[in-house]
Amino acid sequence: MFIVKKVINGKNYFYLRESKRENGRVVAKTIAYLGKTKEEAEKRFKEIKSGMEKAKMEKVNSDKDKQKSNEISIEEMAKFCRRKGFVYPSGELYGGLAGFWDFGPLGVELKNNIKKVWWDFHVHQREDIVGIDGAIISNPKIWEASGHLDNFIDIAVVCKKCGTEAKINKHELGKARCEKCGGEYEVKKEFNPIFVTQVGPIEDSSIKAYLRPETAQMIFSNFKFVQENARLKLPFGIAQIGKAFRNEIAPRNFLFRSREFEQMEIEYFVDPAKKNECKWIKEFEDFELNIYSAEMQEKGEGFKRMKIKDALKKGIIKLSWHAYWLATEVKWFLDLGVDENKLRVRQHLSDEKSHYATDTWDIEYHFPFGWKELEGIADRGCYDLSQHEKFSKKDLKIFDEEGKKKILPEVVAEPSLGVERAFLVFMFDAYEYDEKRQNIVLKLNPKLSPVKAAVLPLVKNDEKLVKIAREIYDELKKEWNVIYDSSGSIGRRYSRNDEIGTPMAIAVDNQTLKDKSVTIRDRDTTKQVRVKIKDLKNVIREVIGGESLFKFGKLVETRVKQF
Ligand code: GAP
């Protein structure tokens, strides 16, 4: 903001102006008249500035108030993530860019932990799945073969009543209503959301290429090499985590629909003759899912809780392999603490399926803006490998030792999960406002927590305590992301760590000097146990692995006020 003087008919007039960036240009606007003299103008300017600061503070406080509940909206979650350094709008300094997000110090840790836990569970802990890391830009023929250039179409619509733009799928034509006002949509145009780029710096000789809209095609196009190198025998899977890009018409709901995101995908290949012969289905027979089949949707019924064996017996889920992957994927979320009542599996309606799919079920989560797709699990059949055989003119069949014949495997299930959608689910599920503590407590599973432990000397100016606390911190940071925090009261430091989901807070106090023990405070209960420093690493490892902290030491009375 700045003051300008204008001379009109020989008289001085002072105005307050501000410059803002609008559509890439800097535009200056007059925002107030300040008076006729310099002194008058400066006085008025001070008043306006302090009024604005007050309004800004009130807004921050009211935003904080809104966050004092367990059920927060997606906008409030975005604000919380921005405030604590999980996620920033990308390019915020210049007004941001819709559909792009940057992950801050805590966000990158949470995101990396999600990917690590996913990879451990789906790749390292299984004998039948290996991973790859494909390129984002590849030969454009891949996207011709995959059908994405011709068939990957979104429909851009605009609300006739309020003008809101949105994207709908084909099957929603004539049915979908404006999310904002319930008005009728009008089709604007059909639209292929693939981002186009050029490879080669000189335009004349460069080739048109694409930023991959799904990671899956790198798996299909490398299928034969991977199968040979890893000596894979059917059934087997190939997994990948990586960026995907879609020029979404209406990116919205924070991270939920963005233009740059990451996918964690598996293509699970089976012998086409054995699509219903899942060897591990017995383990999941009694596993219960909230099931919402196409038929239930068509009949206007709600979803039903059902055992896997009943869903298979009744033909609701057709193939045992498909059922196995639905259960496995839901279990992954449950094991990480997600509320089972907020998860359901919904079958795609016949006109809703992607061009490559024969049957698709989505795992949906009950977000504050409704039940929405979290993870897709499609039966892609032999669509992709057949297409790549056709377009590359190469034989992609593999020799099946058991049947002594060559076969083109089918993808019976493609679990495909967006990292950012998983990020949102874990954040919403963990977020709690604790009335007693008057503080947000982010009850993330310790495996996912960005910071595993905080090391806190009881007071910051006691050299002996600080020395030990530093030594503990230096030792722990060799294995985990831990923080050393000595500023503010111990209660304040506990709250700060509760808010970012740190499961354990280690306090170094006077007793530490006597018997080389520390207290560990449990984030969720605020209870503390006393353990020896020499046992700390083991305790932390066990708690991250899922053990209860209270197994490792005696409960201690806390002398410090915690909140
Ligand atoms: N290879 C299959 C595939 O890409 P999809 O249903 O289009 O299927 C799979 O996407 C998953 O990727 C979705 O369930 C979602 O988690 C994530 N995803 C898709 N589009 C997204 C977007 N615009 N923003 C964030 N995540 C997205």
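To be clear, the structure that these remarks concern was listed above.
Residues numbered from 1 in each chain as written. Predicted model: local features only at pLDDT ≥ 70, side-chain atom pairs only at ≥ 80, totals over all residues. Heavy atoms only, no water.

Considerations on the overall build of the protein chain
Moving on, step 1. Along the backbone of the protein chain there are 16 helices and 29 strands.
Moving on, step 2. Taken over the C-alpha atoms alone, the protein chain extends approximately 90 × 80 × 55 Å along its principal axes.
Moving on, step 3. Considering only residue pairs separated by 6 or more positions, the protein chain has 62% of its internal contacts joining residues 24 or more positions apart.
Moving on, step 4. Accessible area for the protein chain stands at about 28,300 Å²; split by element, carbon and sulfur atoms hold 49% of it. (Helix = DSSP H or I, 4+ residues; strand = E, 2+ residues; numbered from the N terminus. Contact = heavy atoms within 4.5 Å. Areas by Shrake-Rupley, 256 points an atom, 1.4 Å probe, with all protein chains shown as cover.)

Some thoughts on the site of the ligand
Moving on, step 1. Near the ligand, the surroundings consist of 22 residues, among which Glu214, Arg246, Glu265, Glu373 and Leu374 are the closest.
Moving on, step 2. One of the backbone N or O atoms of serine 258 is found 2.8 Å from a nitrogen atom in the ligand.
Moving on, step 3. One of the side-chain nitrogen or oxygen atoms of glutamate 373 is found 2.5 Å away from an oxygen atom of the ligand.
Moving on, step 4. Protein coverage of the free-state accessible area of the ligand, which is 550 Å², stands at 92%.
Moving on, step 5. Elements supplying a minimum of two residues to the shell around the ligand: strand 13 (260-270), strand 18 (370-379) and strand 21 (410-418).
Moving on, step 6. Residues belonging to the shell around the ligand are distributed by class as follows: seven nonpolar, five polar and 10 charged. (Near = heavy atom within 4 Å. Polar contact = N/O pair within 3.5 Å; in protein donor to acceptor, adjacent residues only side chain to side chain. Nonpolar A, V, L, I, M, F, W, Y, C, P; charged D, E, K, R; others polar.)

Quick word on the sheet that holds strand 8 (residues 165-168)
Backbone-to-backbone hydrogen bonds pair the strands of a sheet. The strands run either parallel or antiparallel.
Moving on, step 1. The strand order across the open sheet built from three strands is 8-7-9, with neighbouring strands paired in antiparallel fashion. Only two strands of the sheet have a single partner each, and these edge strands are strand 8 and strand 9 (185-191). Taken pair by pair, the neighbouring strands of this sheet meet at an average axis angle of 35°, ignoring direction.
Moving on, step 2. Here four bridges tie strand 7 (residues 154-159) to strand 8, and the two strands are oriented antiparallel to one another. (Pairing = 2+ DSSP bridges. Axes fitted to C-alpha atoms, helices over the stretch in contact; angles between N-to-C directions.)

Topic: the packing of helix 3 (residues 105-124) against helix 12 (residues 419-430)
Two measures define how a pair of helices packs: the angle their axes make with one another and the distance between the axes.
Moving on, step 1. Relative to each other, helix 3 and helix 12 sit at 105°, their axes nearing to 10 Å. It follows that helix 3 is roughly perpendicular to helix 12 by the angle criterion. Residue-level contacts link Gly107, Leu110, Lys111, Ile114 and Lys115 of helix 3 to Val419, Glu420, Ala422, Phe423, Phe426 and Met427 of helix 12.
Moving on, step 2. Tallied by class, residues from the contact of helix 3 with helix 12 come to seven nonpolar, one polar and three charged. (Parallel < 35°, antiparallel > 145°, perpendicular 65-115°, else oblique.)

A word on a nonpolar patch on the surface
Moving on, step 1. Together, Ile136, Ile137, Val199 and Ile207 make up a nonpolar patch on the protein surface, roughly 290 Å² of accessible area in all.
Moving on, step 2. Examined against the element boundaries, isoleucine 137 turns out to sit in the loop between strand 6 (129-132) and helix 4 (141-145). (Patch = residues over 30% accessible without salt bridge, like charges linked within 9 Å, V, L, I, M, F, W, Y side chains within 5 Å. Salt bridge = Lys/Arg side-chain N within 4 Å of Asp/Glu carboxyl O.)

A look at the side chain of aspartate 509
Moving on, step 1. As for its position among the elements, aspartate 509 is in the loop between strand 26 (504-508) and helix 15 (510-515).
Moving on, step 2. In terms of polar contacts, aspartate 509 uses its side chain to reach the side chain of arginine 530, at 2.8 Å.
Moving on, step 3. If sequence neighbours within four positions are ignored, aspartate 509 has contacts with Leu458, Leu465, Thr519 and Arg530.

A word on the packing of helix 3 against helix 10 (residues 320-335)
Moving on, step 1. The N-to-C vectors of helix 3 and helix 10 enclose an angle of 140°; their axes lie 12 Å apart at closest approach. Classed by the angle they form, the pair helix 3 and helix 10 counts as oblique. Regarding helix 3 and helix 10, the two cross each other, and that crossing is right-handed. Facing Ile114, Val117, Trp118, Phe121 and His122 of helix 3, the residues of helix 10 in contact are Trp325, Thr328, Glu329 and Trp332. (Left-handed = near helix turned anticlockwise from the far one by under 90°.)

Let's talk about empty space enclosed by the protein
Moving on, step 1. This structure, assessed with the given rule, holds one cavity of 30 Å³ or more.
Moving on, step 2. As for the largest cavity, its lining consists of Glu288, Leu289, Asn290, Arg305, Val330, Leu334, Glu340, Leu343, Arg344 and Val345.
Moving on, step 3. Secondary-structure elements contributing two or more residues to the lining of the largest cavity are strand 14 (288-292), helix 10 and strand 16 (343-347).
Moving on, step 4. Taken together, the residues of the lining of the largest cavity break down into five nonpolar, one polar and four charged. (1 Å grid on protein atoms, 1.4 Å probe; cavity = no way out; pocket = protein on both sides within 12 Å on 5 of 7 lines; lining within 4 Å. Points joined across faces, edges and corners; volume = space filled by probe spheres on them.)

Some thoughts on helix 6 (residues 216-229)
Moving on, step 1. Its 14 residues place the ends of helix 6 19 Å apart at the C-alpha level, agreeing with the 20 Å of an ideal helix rising 1.5 Å per residue.
Moving on, step 2. Along helix 6, the sharpest kink reaches roughly 65°, centred on phenylalanine 223.
Moving on, step 3. Turning to helix 6, its buried residues number three or more, namely Ala216, Gln217, Met218, Ile219, Phe220, Phe223, Lys224, Val226 and Gln227.
Moving on, step 4. Positioned one or two residues after helix 6, arginine 231 has a phi angle of 45°, which is positive. (Expected span 1.5 Å × (residues − 1). Bend = angle between axes of the 7 residues up to and from the residue. Buried < 20%, exposed > 50% of the residue type's maximum accessible area, 1.4 Å probe, protein only.)

Quick look at unusual backbone geometry
Moving on, step 1. Between leucine 234 and proline 235 the backbone carries a cis peptide bond, its omega angle lying at -5°.
Moving on, step 2. Topologically, proline 235 is positioned in the loop between helix 6 and strand 12 (236-245).
Moving on, step 3. Located in the positive-phi region is asparagine 253, a residue other than glycine, with phi close to 60°.
Moving on, step 4. Within the secondary structure layout, asparagine 253 lies in the loop between strand 12 and strand 13.

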